[in-house]
Amino acid sequence: MQGVCYVRCVRRLWGPAQASQILNVTNMHRSVRQLQHKKVMEDNKPWALISEVGGQGYIEEVTDIMKQHFQIICHKDFLQNPLLHGPKIQAMFVWNALPAPEPALLSSLPSLKVVANGGVGIDHLDVSYITSLGVKVTNTPGVVSDATADIAMGLLLASARNIVEGHQIAVNPNTTHKQCQMGVEVTGSTLGIIGMGHIGCKIAQRGKGFDMKIVYHNRSRRNVEDEQAVGASYHDNMDDLLKASDFVVLAVNLTPETTGLISHRELSLMKPTATLVNISRGLVVDQDALVKALQSGTIRAAALDVTHPEPLPRDHPLLGLPNVLITPHVGTNTYTTTRRMVQRMVENAVAALKGQTIPNEVKPK
(Lines give C-alpha, C1' and ligand atoms only; values in the text may rest on other atoms or scores of the structure.)
Protein backbone atom coordinates (compact mmCIF):
# COMPACT_ATOMS: atom_id res chain seq x y z
CA MET A 1 0.00 0.00 0.00
CA GLN A 2 2.84 2.40 0.80
CA GLY A 3 4.31 1.86 -2.67
CA VAL A 4 0.92 2.58 -4.32
CA CYS A 5 0.44 5.80 -2.29
CA TYR A 6 3.95 6.91 -3.21
CA VAL A 7 3.23 6.50 -6.93
CA ARG A 8 -0.07 8.44 -6.65
CA CYS A 9 1.59 11.34 -4.81
CA VAL A 10 4.36 11.60 -7.42
CA ARG A 11 1.82 11.70 -10.24
CA ARG A 12 -0.23 14.45 -8.54
CA LEU A 13 2.82 16.67 -7.87
CA TRP A 14 4.50 16.16 -11.23
CA GLY A 15 3.40 15.70 -14.77
CA PRO A 16 3.13 12.21 -16.23
CA ALA A 17 6.50 12.40 -18.02
CA GLN A 18 8.41 13.71 -14.98
CA ALA A 19 6.60 11.22 -12.74
CA SER A 20 7.74 8.33 -14.93
CA GLN A 21 11.36 9.52 -14.76
CA ILE A 22 11.24 9.79 -10.96
CA LEU A 23 9.65 6.36 -10.62
CA ASN A 24 12.23 4.80 -12.94
CA VAL A 25 15.07 6.28 -10.86
CA THR A 26 13.39 5.03 -7.68
CA ASN A 27 13.02 1.51 -9.09
CA MET A 28 16.64 1.57 -10.22
CA HIS A 29 17.78 2.53 -6.71
CA ARG A 30 15.66 -0.26 -5.26
CA SER A 31 17.20 -2.79 -7.67
CA VAL A 32 20.71 -1.60 -6.80
CA ARG A 33 19.98 -2.01 -3.08
CA GLN A 34 18.63 -5.52 -3.69
CA LEU A 35 21.74 -6.47 -5.67
CA GLN A 36 23.98 -5.02 -2.97
CA HIS A 37 22.10 -6.97 -0.31
CA LYS A 38 22.39 -10.16 -2.38
CA LYS A 39 26.12 -9.60 -2.83
CA VAL A 40 26.59 -9.14 0.92
CA MET A 41 24.71 -12.38 1.50
CA GLU A 42 26.86 -14.16 -1.10
CA ASP A 43 30.06 -12.79 0.43
CA ASN A 44 29.02 -14.16 3.81
CA LYS A 45 28.67 -17.73 2.53
CA PRO A 46 31.54 -20.10 3.31
CA TRP A 47 33.62 -21.40 0.41
CA ALA A 48 33.53 -25.03 -0.71
CA LEU A 49 35.84 -26.90 -3.09
CA ILE A 50 34.17 -29.29 -5.55
CA SER A 51 35.46 -31.48 -8.39
CA GLU A 52 33.68 -30.19 -11.48
CA VAL A 53 30.27 -29.73 -13.03
CA GLY A 54 29.72 -32.24 -15.81
CA GLY A 55 32.12 -35.03 -16.76
CA GLN A 56 32.91 -37.09 -13.65
CA GLY A 57 31.51 -34.34 -11.47
CA TYR A 58 28.08 -33.05 -10.56
CA ILE A 59 25.15 -32.79 -12.91
CA GLU A 60 24.13 -29.16 -13.40
CA GLU A 61 20.75 -29.74 -11.75
CA VAL A 62 22.19 -30.27 -8.25
CA THR A 63 24.61 -27.36 -7.99
CA ASP A 64 21.77 -25.11 -6.83
CA ILE A 65 21.62 -27.14 -3.60
CA MET A 66 25.25 -26.32 -2.81
CA LYS A 67 24.93 -22.70 -3.87
CA GLN A 68 22.17 -22.10 -1.32
CA HIS A 69 24.74 -22.42 1.46
CA PHE A 70 28.19 -22.17 -0.14
CA GLN A 71 30.23 -20.29 -2.65
CA ILE A 72 31.65 -23.11 -4.73
CA ILE A 73 34.87 -23.30 -6.69
CA CYS A 74 35.83 -26.13 -9.04
CA HIS A 75 39.15 -27.87 -8.51
CA LYS A 76 40.56 -26.78 -11.87
CA ASP A 77 39.79 -23.14 -11.06
CA PHE A 78 41.28 -23.56 -7.59
CA LEU A 79 44.53 -24.81 -9.13
CA GLN A 80 44.87 -21.58 -11.11
CA ASN A 81 45.65 -19.74 -7.86
CA PRO A 82 45.76 -22.02 -4.79
CA LEU A 83 47.47 -19.39 -2.67
CA LEU A 84 44.52 -17.04 -3.20
CA HIS A 85 41.72 -19.57 -2.87
CA GLY A 86 43.17 -22.03 -0.36
CA PRO A 87 42.72 -19.99 2.84
CA LYS A 88 39.04 -19.30 2.04
CA ILE A 89 37.90 -22.91 1.65
CA GLN A 90 36.17 -24.42 4.67
CA ALA A 91 34.46 -27.43 3.08
CA MET A 92 35.42 -29.99 0.47
CA PHE A 93 32.74 -31.99 -1.36
CA VAL A 94 34.13 -35.28 -2.67
CA TRP A 95 32.21 -36.86 -5.56
CA ASN A 96 33.37 -39.98 -7.40
CA ALA A 97 36.50 -39.79 -5.21
CA LEU A 98 37.31 -36.31 -6.58
CA PRO A 99 38.92 -34.02 -5.68
CA ALA A 100 41.19 -36.51 -3.94
CA PRO A 101 41.82 -35.21 -0.39
CA GLU A 102 45.50 -36.08 -0.44
CA PRO A 103 48.11 -34.46 1.85
CA ALA A 104 49.37 -32.09 -0.87
CA LEU A 105 45.89 -30.65 -1.40
CA LEU A 106 44.90 -30.63 2.26
CA SER A 107 48.04 -28.74 3.22
CA SER A 108 46.90 -25.88 0.96
CA LEU A 109 43.55 -25.59 2.78
CA PRO A 110 44.39 -24.17 6.22
CA SER A 111 40.75 -23.23 6.97
CA LEU A 112 39.26 -26.59 5.99
CA LYS A 113 36.79 -27.95 8.55
CA VAL A 114 34.99 -30.79 6.77
CA VAL A 115 35.39 -33.30 3.95
CA ALA A 116 31.88 -34.31 2.88
CA ASN A 117 31.85 -37.48 0.81
CA GLY A 118 29.07 -38.40 -1.59
CA GLY A 119 28.21 -42.06 -1.10
CA VAL A 120 28.68 -44.63 1.63
CA GLY A 121 32.10 -46.05 0.76
CA ILE A 122 35.04 -44.14 2.19
CA ASP A 123 37.83 -46.51 1.13
CA HIS A 124 39.33 -43.68 -0.95
CA LEU A 125 39.65 -41.46 2.14
CA ASP A 126 42.41 -41.65 4.75
CA VAL A 127 40.01 -40.89 7.58
CA SER A 128 42.65 -41.14 10.30
CA TYR A 129 44.94 -38.65 8.57
CA ILE A 130 42.17 -36.21 7.67
CA THR A 131 40.73 -36.17 11.19
CA SER A 132 44.24 -35.75 12.65
CA LEU A 133 44.21 -32.35 10.95
CA GLY A 134 41.11 -31.38 12.92
CA VAL A 135 38.90 -31.90 9.85
CA LYS A 136 35.59 -33.75 10.07
CA VAL A 137 34.72 -36.52 7.60
CA THR A 138 31.14 -37.36 6.57
CA ASN A 139 29.34 -39.67 4.15
CA THR A 140 25.78 -40.28 2.93
CA PRO A 141 24.41 -43.65 4.08
CA GLY A 142 20.74 -44.45 3.73
CA VAL A 143 19.97 -42.14 0.83
CA VAL A 144 21.82 -44.41 -1.63
CA SER A 145 20.28 -47.70 -0.50
CA ASP A 146 17.22 -47.93 -2.75
CA ALA A 147 18.99 -47.02 -5.97
CA THR A 148 21.88 -49.38 -5.21
CA ALA A 149 19.51 -52.22 -4.37
CA ASP A 150 17.65 -51.54 -7.62
CA ILE A 151 20.83 -51.90 -9.69
CA ALA A 152 21.66 -55.14 -7.88
CA MET A 153 18.31 -56.64 -8.83
CA GLY A 154 18.55 -55.17 -12.31
CA LEU A 155 21.90 -56.85 -12.88
CA LEU A 156 20.63 -60.11 -11.41
CA LEU A 157 17.57 -60.16 -13.65
CA ALA A 158 19.42 -59.04 -16.77
CA SER A 159 22.04 -61.74 -16.30
CA ALA A 160 19.53 -64.47 -15.46
CA ARG A 161 17.31 -63.75 -18.47
CA ASN A 162 20.01 -62.70 -20.96
CA ILE A 163 18.30 -59.35 -21.46
CA VAL A 164 21.26 -57.55 -23.07
CA GLU A 165 21.88 -60.42 -25.49
CA GLY A 166 18.17 -60.57 -26.28
CA HIS A 167 18.12 -56.88 -27.13
CA GLN A 168 21.13 -57.27 -29.42
CA ILE A 169 19.43 -60.10 -31.27
CA ALA A 170 16.16 -58.19 -31.55
CA VAL A 171 17.77 -55.08 -33.11
CA ASN A 172 20.31 -56.90 -35.27
CA PRO A 173 19.43 -56.22 -38.95
CA ASN A 174 20.44 -59.81 -39.77
CA THR A 175 17.82 -61.29 -37.43
CA THR A 176 15.05 -62.76 -39.58
CA HIS A 177 13.34 -65.19 -37.21
CA LYS A 178 12.70 -65.62 -33.51
CA GLN A 179 15.71 -67.06 -31.73
CA CYS A 180 15.12 -69.06 -28.57
CA GLN A 181 17.19 -67.96 -25.61
CA MET A 182 17.05 -69.95 -22.42
CA GLY A 183 17.67 -68.19 -19.12
CA VAL A 184 17.55 -69.29 -15.51
CA GLU A 185 14.61 -68.97 -13.15
CA VAL A 186 14.71 -66.18 -10.58
CA THR A 187 11.42 -66.89 -8.84
CA GLY A 188 11.90 -69.53 -6.16
CA SER A 189 15.70 -69.49 -6.41
CA THR A 190 18.05 -68.90 -3.48
CA LEU A 191 19.51 -65.42 -3.05
CA GLY A 192 22.62 -65.22 -0.91
CA ILE A 193 23.55 -61.73 0.33
CA ILE A 194 27.00 -61.09 1.74
CA GLY A 195 26.81 -57.86 3.72
CA MET A 196 23.45 -57.28 5.34
CA GLY A 197 23.66 -53.58 6.05
CA HIS A 198 21.08 -51.07 4.89
CA ILE A 199 21.68 -51.85 1.21
CA GLY A 200 21.71 -55.60 1.85
CA CYS A 201 18.33 -55.37 3.58
CA LYS A 202 16.89 -53.44 0.63
CA ILE A 203 18.18 -56.13 -1.75
CA ALA A 204 16.54 -58.76 0.44
CA GLN A 205 13.23 -56.88 0.28
CA ARG A 206 13.37 -56.95 -3.50
CA GLY A 207 14.32 -60.61 -3.53
CA LYS A 208 11.34 -61.39 -1.32
CA GLY A 209 9.14 -59.75 -3.93
CA PHE A 210 10.38 -62.38 -6.40
CA ASP A 211 9.58 -65.19 -3.95
CA MET A 212 13.26 -65.94 -3.57
CA LYS A 213 14.65 -67.82 -0.59
CA ILE A 214 16.87 -65.29 1.21
CA VAL A 215 20.03 -66.28 3.07
CA TYR A 216 22.69 -63.87 4.29
CA HIS A 217 26.09 -63.60 5.91
CA ASN A 218 27.18 -60.58 7.91
CA ARG A 219 29.78 -59.70 10.54
CA SER A 220 26.96 -59.73 13.07
CA ARG A 221 23.52 -61.23 12.88
CA ARG A 222 20.56 -58.93 12.34
CA ASN A 223 17.78 -58.95 14.92
CA VAL A 224 14.84 -61.30 14.56
CA GLU A 225 12.50 -58.51 13.43
CA ASP A 226 14.82 -57.58 10.54
CA GLU A 227 15.11 -61.19 9.45
CA GLN A 228 11.38 -61.81 9.61
CA ALA A 229 10.63 -58.62 7.64
CA VAL A 230 12.37 -60.05 4.57
CA GLY A 231 12.18 -63.75 5.37
CA ALA A 232 15.97 -64.04 5.62
CA SER A 233 18.00 -66.83 7.26
CA TYR A 234 21.45 -66.22 8.73
CA HIS A 235 24.58 -68.20 7.86
CA ASP A 236 27.43 -67.56 10.27
CA ASN A 237 29.68 -69.46 7.86
CA MET A 238 30.02 -67.76 4.47
CA ASP A 239 31.04 -71.04 2.84
CA ASP A 240 27.61 -72.51 3.56
CA LEU A 241 25.95 -69.52 1.89
CA LEU A 242 28.14 -69.88 -1.21
CA LYS A 243 27.25 -73.56 -1.54
CA ALA A 244 23.52 -72.96 -1.17
CA SER A 245 22.94 -69.87 -3.34
CA ASP A 246 21.83 -69.58 -6.94
CA PHE A 247 22.69 -65.86 -6.89
CA VAL A 248 25.36 -64.38 -4.62
CA VAL A 249 25.19 -60.60 -4.17
CA LEU A 250 28.12 -58.74 -2.61
CA ALA A 251 27.05 -55.68 -0.62
CA VAL A 252 29.97 -55.14 1.75
CA ASN A 253 32.13 -52.09 2.39
CA LEU A 254 35.72 -52.32 1.15
CA THR A 255 37.99 -52.87 4.14
CA PRO A 256 41.26 -54.78 4.63
CA GLU A 257 39.09 -57.74 5.72
CA THR A 258 36.88 -57.70 2.61
CA THR A 259 39.63 -57.07 0.05
CA GLY A 260 39.86 -60.25 -2.03
CA LEU A 261 36.95 -61.73 -0.09
CA ILE A 262 35.89 -63.77 -3.13
CA SER A 263 38.78 -65.64 -4.74
CA HIS A 264 39.55 -69.09 -6.17
CA ARG A 265 38.45 -71.06 -3.10
CA GLU A 266 35.19 -69.17 -2.62
CA LEU A 267 34.27 -69.39 -6.30
CA SER A 268 34.93 -73.13 -6.29
CA LEU A 269 32.32 -73.52 -3.53
CA MET A 270 29.55 -71.95 -5.63
CA LYS A 271 27.18 -73.93 -7.81
CA PRO A 272 28.18 -74.23 -11.48
CA THR A 273 24.75 -72.73 -12.23
CA ALA A 274 25.28 -69.76 -9.86
CA THR A 275 25.71 -66.09 -10.69
CA LEU A 276 27.93 -63.63 -8.80
CA VAL A 277 26.60 -60.05 -8.54
CA ASN A 278 28.92 -57.35 -7.21
CA ILE A 279 27.66 -53.87 -6.34
CA SER A 280 30.18 -53.17 -3.57
CA ARG A 281 33.76 -52.52 -4.75
CA GLY A 282 35.87 -54.14 -7.42
CA LEU A 283 38.65 -55.13 -5.03
CA VAL A 284 36.25 -57.32 -3.03
CA VAL A 285 36.63 -59.87 -5.85
CA ASP A 286 39.88 -61.38 -7.11
CA GLN A 287 39.29 -60.61 -10.78
CA ASP A 288 41.90 -63.06 -12.06
CA ALA A 289 40.16 -65.82 -10.13
CA LEU A 290 36.80 -64.65 -11.48
CA VAL A 291 38.03 -64.81 -15.08
CA LYS A 292 39.19 -68.40 -14.60
CA ALA A 293 35.94 -69.40 -12.90
CA LEU A 294 33.88 -67.94 -15.75
CA GLN A 295 36.06 -69.46 -18.46
CA SER A 296 36.06 -72.92 -16.88
CA GLY A 297 32.37 -73.03 -16.02
CA THR A 298 33.02 -73.07 -12.28
CA ILE A 299 30.14 -70.56 -12.08
CA ARG A 300 27.54 -69.67 -14.68
CA ALA A 301 27.92 -65.90 -14.88
CA ALA A 302 28.91 -62.63 -13.22
CA ALA A 303 27.09 -59.28 -13.19
CA LEU A 304 29.23 -56.38 -12.01
CA ASP A 305 28.57 -52.71 -11.37
CA VAL A 306 32.09 -52.32 -9.99
CA THR A 307 35.54 -53.39 -11.17
CA HIS A 308 39.15 -52.54 -10.42
CA PRO A 309 40.19 -50.29 -11.96
CA GLU A 310 37.21 -48.36 -13.34
CA PRO A 311 37.01 -48.51 -16.26
CA LEU A 312 38.90 -51.72 -16.95
CA PRO A 313 41.72 -51.64 -19.54
CA ARG A 314 40.14 -52.22 -22.92
CA ASP A 315 42.03 -55.51 -23.34
CA HIS A 316 40.98 -56.92 -19.97
CA PRO A 317 39.72 -60.52 -20.34
CA LEU A 318 36.51 -59.81 -18.40
CA LEU A 319 35.36 -57.56 -21.24
CA GLY A 320 35.48 -60.38 -23.76
CA LEU A 321 33.58 -63.05 -21.85
CA PRO A 322 30.02 -63.76 -23.02
CA ASN A 323 28.84 -64.66 -19.49
CA VAL A 324 29.77 -61.31 -17.95
CA LEU A 325 27.54 -58.24 -17.66
CA ILE A 326 29.27 -55.00 -16.61
CA THR A 327 27.88 -51.54 -15.90
CA PRO A 328 30.14 -48.53 -15.15
CA HIS A 329 29.48 -48.09 -11.40
CA VAL A 330 26.06 -46.51 -11.84
CA GLY A 331 24.40 -47.84 -8.69
CA THR A 332 23.42 -44.41 -7.39
CA ASN A 333 22.94 -42.72 -10.76
CA THR A 334 19.36 -41.51 -10.60
CA TYR A 335 18.28 -37.88 -10.43
CA THR A 336 16.37 -38.45 -7.20
CA THR A 337 19.21 -40.21 -5.39
CA THR A 338 21.83 -37.78 -6.67
CA ARG A 339 19.88 -34.82 -5.32
CA ARG A 340 19.40 -36.58 -1.99
CA MET A 341 23.10 -37.34 -1.77
CA VAL A 342 24.13 -33.75 -2.47
CA GLN A 343 21.50 -32.47 -0.02
CA ARG A 344 22.90 -34.77 2.67
CA MET A 345 26.47 -33.70 1.88
CA VAL A 346 25.45 -30.07 2.32
CA GLU A 347 23.59 -30.79 5.56
CA ASN A 348 26.63 -32.58 6.97
CA ALA A 349 28.97 -29.78 5.94
CA VAL A 350 26.75 -27.00 7.31
CA ALA A 351 26.46 -28.82 10.64
CA ALA A 352 30.23 -29.23 10.82
CA LEU A 353 30.86 -25.53 10.14
CA LYS A 354 28.30 -24.49 12.75
CA GLY A 355 29.69 -26.84 15.37
CA GLN A 356 26.43 -28.79 15.48
CA THR A 357 25.89 -32.53 15.69
CA ILE A 358 26.80 -33.94 12.28
CA PRO A 359 24.16 -36.34 10.90
CA ASN A 360 26.65 -38.69 9.24
CA GLU A 361 30.08 -38.21 10.73
CA VAL A 362 32.70 -40.87 9.96
CA LYS A 363 35.26 -41.41 12.68
CA PRO A 364 38.57 -43.27 12.42
CA LYS A 365 38.55 -46.87 13.58
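Before reading on, note that the structure itself is shown above.
Because the structure is a prediction, the values reported are computed rather than measured.

**Describing the overall build of the chain**
Broken down by element type, the chain carries 15 helices and 12 strands. For the chain, the residues scored as buried account for 42% of the 365 residues in total. Contacts in the chain between residues at least 24 apart in sequence constitute 62% of all its contacts with a sequence separation of at least 6. Here the chain displays about 19,700 Å² of accessible surface, and carbon together with sulfur accounts for 54% of that area.

**Some words on the pairing of strand 10 (residues 275–278)**
The alternating pattern of strand 10 places Thr275 and Val277 and Leu276 and Asn278 on opposite faces, both of which are buried. Relative to strand 10, strand 9 (residues 247–250) is paired through 4 bridges, and the arrangement is parallel. Bridge assignment links Val248 to a residue of strand 10, and that residue is Leu276. Handedness of the β-α-β unit built from strand 9, helix 13 (residues 264–269) and strand 10 comes out right-handed. Relative to strand 11 (residues 301–304), strand 10 runs parallel, the two being bridged by 4 bridges. Within strand 11, the residue paired with Thr275 across the bridge is Ala301. For the crossover from strand 10 across helix 14 (residues 287–296) to strand 11, the handedness is right-handed.

**Thoughts on the sheet that holds strand 2 (residues 71–74)**
Pairing within the open sheet is parallel, and its 5 strands lie in the order 2-1-3-4-5. Bordering the open sheet on either side are strand 2 and strand 5 (136–138), each of which pairs with just one other strand. The average undirected angle you get between the axes of adjacent strands in this sheet is 20°. As paired elements, strand 4 (residues 114–117) and strand 5 share 3 bridges and run parallel to each other. Looking across to strand 5, one finds that Val114 is bridged to Lys136.

**Structural notes on the sheet that holds strand 12 (residues 324–326)**
Taken together, 7 strands build an open sheet; the order of strands is 8-7-6-9-10-11-12 and the sheet is parallel. The sheet is open, and its two borders are formed by strand 8 (232–234) and strand 12, each paired with just one other strand. Adjacent strand axes in the sheet meet at a mean angle of 20° when their direction is disregarded. Sheet strands touched by helix 14: strand 10, strand 11 and strand 12. Its angle to strand 11, the strand with the most contacts, is close to 140°.

**So, the packing of aromatic side chains**
Within the structure shown, the criterion is met by 3 aromatic pairs. Judged by centre distance (5.1 Å) and plane angle (35°), the rings of Tyr58 and Trp95 are tilted. Highlighted residues: Tyr58 in the loop between strand 1 (47–50) and helix 3 (63–67) and Trp95 in the loop between strand 3 (89–94) and helix 6 (103–106), separated in sequence by 37 residues. Over the face of the ring belonging to Trp47 we find Lys88, whose NZ or CZ atom lies 4.0 Å from the ring centre.

**So, the nonpolar core**
Residues Tyr58, Phe93, Leu156, Leu191 and Ile203 are the most contacted members of the largest nonpolar core, which totals 51 residues. Summarising the domain contributions, this core has at least three residues from each of domain 1 (43–141 + 335–362) and domain 2 (144–173 + 181–326). What Leu156 contacts, discounting residues up to four positions off in sequence, is Val186, Leu191, Met212, Phe247, Val249 and Val277.

**Here we look at helix 15 (residues 335–353)**
Because an α-helix packs 3.6 residues into every turn, residues spaced three or four apart end up facing the same way. Across its 19 residues, helix 15 extends 27 Å between first and last C-alpha, which sits within 8% of the 27 Å expected from 1.5 Å per residue. Along helix 15, the positions that sit buried rather than exposed are Thr337, Thr338, Met341, Val342, Met345, Val346, Asn348, Ala349, Val350, Ala351 and Ala352. Buried residues in helix 15 make contact with helix 3, strand 3, strand 4, strand 5 and helix 8 (145–160). Two residues or fewer after helix 15 comes Gly355, characterised by a positive phi angle close to 75°.

**Regarding helix 10 (residues 198–209)**
Across its 12 residues, helix 10 extends 17 Å between first and last C-alpha, which sits within 8% of the 16 Å expected from 1.5 Å per residue. Taken as a whole, helix 10 has its buried residues at Ile199, Gly200, Cys201, Lys202, Ile203, Ala204 and Gly207. Tucked inside the fold, the buried residues of helix 10 contact helix 8, strand 6 (190–194), strand 7 (213–217), helix 11 (224–230) and strand 9. Two residues or fewer past helix 10, Asp211 is found with a positive phi of approximately 55°.

**Quick look at the side chain of Asn117**
For Asn117, the position within the fold is in strand 4. With sequence-adjacent residues up to four places away left out, Asn117 is seen in contact with Val94, Ile122, His124, Leu125, Thr138, Asn139, Thr140 and Met345.

Rules used throughout
- Residues numbered from 1 in each chain as written.
- Predicted model: local features only at pLDDT ≥ 70, side-chain atom pairs only at ≥ 80, totals over all residues.
- Heavy atoms only, no water.
- Helix = DSSP H or I, 4+ residues; strand = E, 2+ residues; numbered from the N terminus.
- Buried < 20%, exposed > 50% of the residue type's maximum accessible area, 1.4 Å probe, protein only.
- Contact = heavy atoms within 4.5 Å.
- Areas by Shrake-Rupley, 256 points an atom, 1.4 Å probe, with all protein chains shown as cover.
- Pairing = 2+ DSSP bridges.
- Right-handed = clockwise from strand over helix to strand, strands pointing away.
- Axes fitted to C-alpha atoms, helices over the stretch in contact; angles between N-to-C directions.
- Phe/Tyr/Trp six-rings, centres within 6.5 Å; stacked < 30°, edge-to-face > 60°.
- Lys NZ or Arg CZ within 6 Å of the ring centre and 35° of its normal.
- Core = buried A, V, L, I, M, F, W, Y, C linked by side-chain atoms within 4.5 Å.
- Domains from an automatic or database assignment.
- Expected span 1.5 Å × (residues − 1).

Structural measurements only, silent on function.
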